[in-house]
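# Structural description and commentary
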Amino acid sequence: MKTYNYCTLFDSFYLTRGLAMYESLIKQSDSFNLYIFAFDDKSYNYLSSLKLANITVISLTEFEDNELLSIKDSRTKGEYCWTCTPSIIKYSIENFKLDHCTYLDADLYFFSNPSVLVDEMNQQAILLTEHRYTPIYDKSASSGIYCVQFMTFKNTHDALTALEWWRQSCNAWCYARHEDGKFGDQMYLDDWATRFNGVYVLTHLGGGVAPWNIQQYKFLVHNELIIGKEKNSNKEFNLIFYHFHALRFLENNKIDLSVYSLKNSDIEVIYKPYIKHIHTINQQVGKEFIFTQSPVSLEGYGFKYILSRIKQDWLIPLKYVYRKFFSRSNIKSIEQLI
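From a predicted model like this one, the values you see are computed outputs, not experimental measurements.

### Section: the overall build of the protein chain
A count of helices and strands for the protein chain gives 13 helices and 18 strands. Within the protein chain, the proportion of its 338 residues that are buried is 55%. Sequence separation of at least 24 residues holds for 75% of the intrachain contacts in the protein chain that already meet a minimum separation of 6.

Below is the structure:
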């Protein structure tokens, strides 16, 4: 049986989401290794104490090199995590002698076995996933065509050449702003299909469903599987993973599910199982790993952005735009979701 290798990074703030992602892998995958890069001592000590199956926990002390340490203070916490993404993939492949490694964002959650996504790349060296933005939310020009969320690199010359170029690029510049065709670690990927050899773009619609594209699909549960249907083509697919981007736990037992538009059926089929799982983990880990935030800022979705979208798609009614961007109907109480 083939063993699939994954790596991820998170600190104590994202620990409960990282554990939910891991437990979803345990449920859905047959054979895997997950290399977790713990980005603070608190998460490292806790994860190490659990002695979880299929897990290797790596501390910052083990992972950080002099080059990363020299730039660490020039990046925010989030920017430093982005900066380190190619480095943790490279570290995993080299130090654990892996034939391949797939990077996972910690806020992914698996509803089916992700091996089908890795297998789709066949003999290619690198697997990328597109954002597949719903047109009203399309930020390809400022956030990138591809999403770092799920990327596979094989231990081959072509893949390692691209990985090293990406690592050096992120070390040189990786900030949470759009500048000179760059944004974080992500827009570096935009031209990889022509820049590097062996790059494959995932076609399976069940890999990469996220708040910015869920409006294009309908989902229902059938025989314990979540089946999606693309509205434009009626193409059906198994939901492999969902990216719970920008989900926030607020004060007073409330949750901000998304700044993007969600249907009630999306919340019922996809969000509720995840929130229930996180709630269970919260009860297990204790208060020291439970954090609250303010609702997601609508910065980037203000009137300038809306006007630019209306200019491109002038038939969009203002009422529709208002509902999509400023409705806070996605703020729910935990009691509504569990």
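### Section: the packing of helix 1 (residues 15-28) against helix 10 (residues 264-285)
Two quantities define a packed helix pair, namely the angle between the axes and the distance from one axis to the other. Across the interface, helix 1 lies against helix 10 with an axial gap of 9 Å and an inter-helix angle of 115°. In the packing of helix 1 onto helix 10, the handedness of the crossing is right-handed. Of the residues in helix 10, those touching helix 1 at Leu15, Thr16, Arg17, Leu19, Ala20, Glu23 and Ser24 are Tyr274, His277, Ile278, Ile281, Asn282 and Val285. For the contact of helix 1 with helix 10, the per-class residue count stands at seven nonpolar, four polar and two charged.

### A word on the sheet that holds strand 11 (residues 207-209)
Strand order across the open sheet formed by three strands is 5-15-11, with mixed pairing between neighbours. For this open sheet the edge positions go to strand 5 (108-110) and strand 11, each flanked by a neighbour on one side alone. Averaged over all pairs of adjacent strands, the angle between their axes in this sheet comes to 30°, without regard to strand direction.

### Details of the sheet that holds strand 16 (residues 248-249)
Read across the open sheet, the three strands follow the order 16-17-18; overall the sheet is antiparallel. If you trace the sheet from one side to the other, it starts and ends with strand 16 and strand 18 (331-333), each paired once. Relative to strand 17 (residues 254-256), strand 16 runs antiparallel, the two sharing two bridges. Bridge pairing links Phe249 to Ile255 in strand 17.

### Quick word on helix 2 (residues 41-50)
Regarding helix 2, the residues found buried are Ser43, Tyr46 and Leu47. For helix 2, the arc enclosing every buried residue in end-on projection is 95°, short of the 170-degree limit, so these residues lie on one face. Those residues of helix 2 that are exposed and angled more than 90 degrees off the buried face are Asp41 and Ser49. Summarising the contacts, the buried residues of helix 2 are in contact with strand 1 (4-10), helix 1, strand 2 (32-38), strand 3 (55-58) and helix 10. Among the residues trailing helix 2, Lys51 stands out with phi positive, at a value near 50°.

### Regarding the confidence of the model for the protein chain
When pLDDT is averaged along the protein chain, the result is 91, and 90% of the positions lie at 70 or above. Across the protein chain, element-level confidence peaks in strand 4 (residues 100-104) with a mean pLDDT of 99 and bottoms out in helix 12 (residues 318-326) with 49. Counting interchain partners and residues more than four positions distant, the pLDDT-below-50 stretch residues 298-302 has twelve contacts. pLDDT under 50 marks residues 312-320. Its contacts with residues more than four places away, or in other chains, come to five contacts.

### Describing the packing of aromatic side chains
Under the counting rule described, the total for this entry stands at 35 aromatic pairs. Ring plane angle 20° and centroid distance 6.1 Å describe the contact between Phe153 and Trp166, whose orientation is recorded as stacked. With Phe153 in strand 7 (residues 146-154) and Trp166 in helix 8 (residues 157-172), this pair connects stretches of sequence that are 13 residues apart. Pair check on accessibility: Phe153 and Trp166 agree, each one buried. For the ring pair Tyr242 and Tyr271, a centre distance of 5.4 Å and an interplane angle of 70° mean the geometry is edge-to-face. Here Tyr242, found in strand 15 (residues 241-243), pairs with Tyr271, found in helix 10; they are 29 residues apart in sequence, far enough to count as distant. Judged by relative accessible area, Tyr271 falls into the buried class, the value being 0%. One aromatic cluster in this structure is built from Tyr35, Phe37, Phe39, Phe63, Tyr80, Tyr91 and Phe96. When the ring centre of Phe289 is taken as reference, the NZ or CZ atom of Lys42 above it lies at 5.1 Å. Its guanidinium or amino end placed over the ring of Tyr175, Arg75 lies 4.7 Å from that ring's centre, counting from NZ or CZ.

The rules behind each value
- Here, residues in each chain are numbered from 1, in the same order as that chain's written sequence.
- Since the coordinates come from a predicted model, pLDDT governs what is reported: local features require at least 70, and pairs of side-chain atoms require 80 or more to be given and counted, while whole-chain, interface and lining totals use all residues.
- To get the side-chain values, take all heavy atoms of the structure and skip hydrogens and water.
- Only DSSP runs of H or I with at least four residues qualify as helices, and only runs of E with at least two residues qualify as strands; both kinds are numbered from the N terminus onward.
- For every residue, the accessible area obtained with a 1.4 Å probe (protein chains only) is divided by the maximum for its type, and the residue is called buried under 20%, exposed over 50%, and partly exposed between those limits.
- Whether two residues are in contact is decided by their heavy atoms, any of which lying within 4.5 Å being enough.
- Fitting a line to C-alpha atoms yields each axis, with helices limited to the stretch in contact; the angle taken between N-to-C directions then spans 0 to 180 degrees.
- Throughout, a crossing is termed right-handed when the near helix is turned clockwise from the far one, and left-handed when it is turned anticlockwise from it by less than a right angle.
- Classification convention: Asp, Glu, Lys, Arg as charged; Ala, Val, Leu, Ile, Met, Phe, Trp, Tyr, Cys, Pro as nonpolar; all other residues, Gly among them, as polar.
- Note on pairing: DSSP must find at least two bridges between two strands before they are called paired.
- When we speak of the arc, we mean the arc of directions from the helix axis to the C-beta atoms.
- Confidence of the predictor in every single residue is expressed as pLDDT, which spans 0 to 100.
- Stacked, tilted and edge-to-face are the three classes assigned to paired rings of Phe, Tyr and Trp, where Trp is represented by its six-membered ring and a pair needs centres within 6.5 Å; plane angles under 30 degrees give stacked, over 60 edge-to-face, the rest tilted.
- Whether a charge lies above a ring is judged from NZ of Lys or CZ of Arg, which has to be within 6 Å of the ring centre and within 35 degrees of the ring normal.

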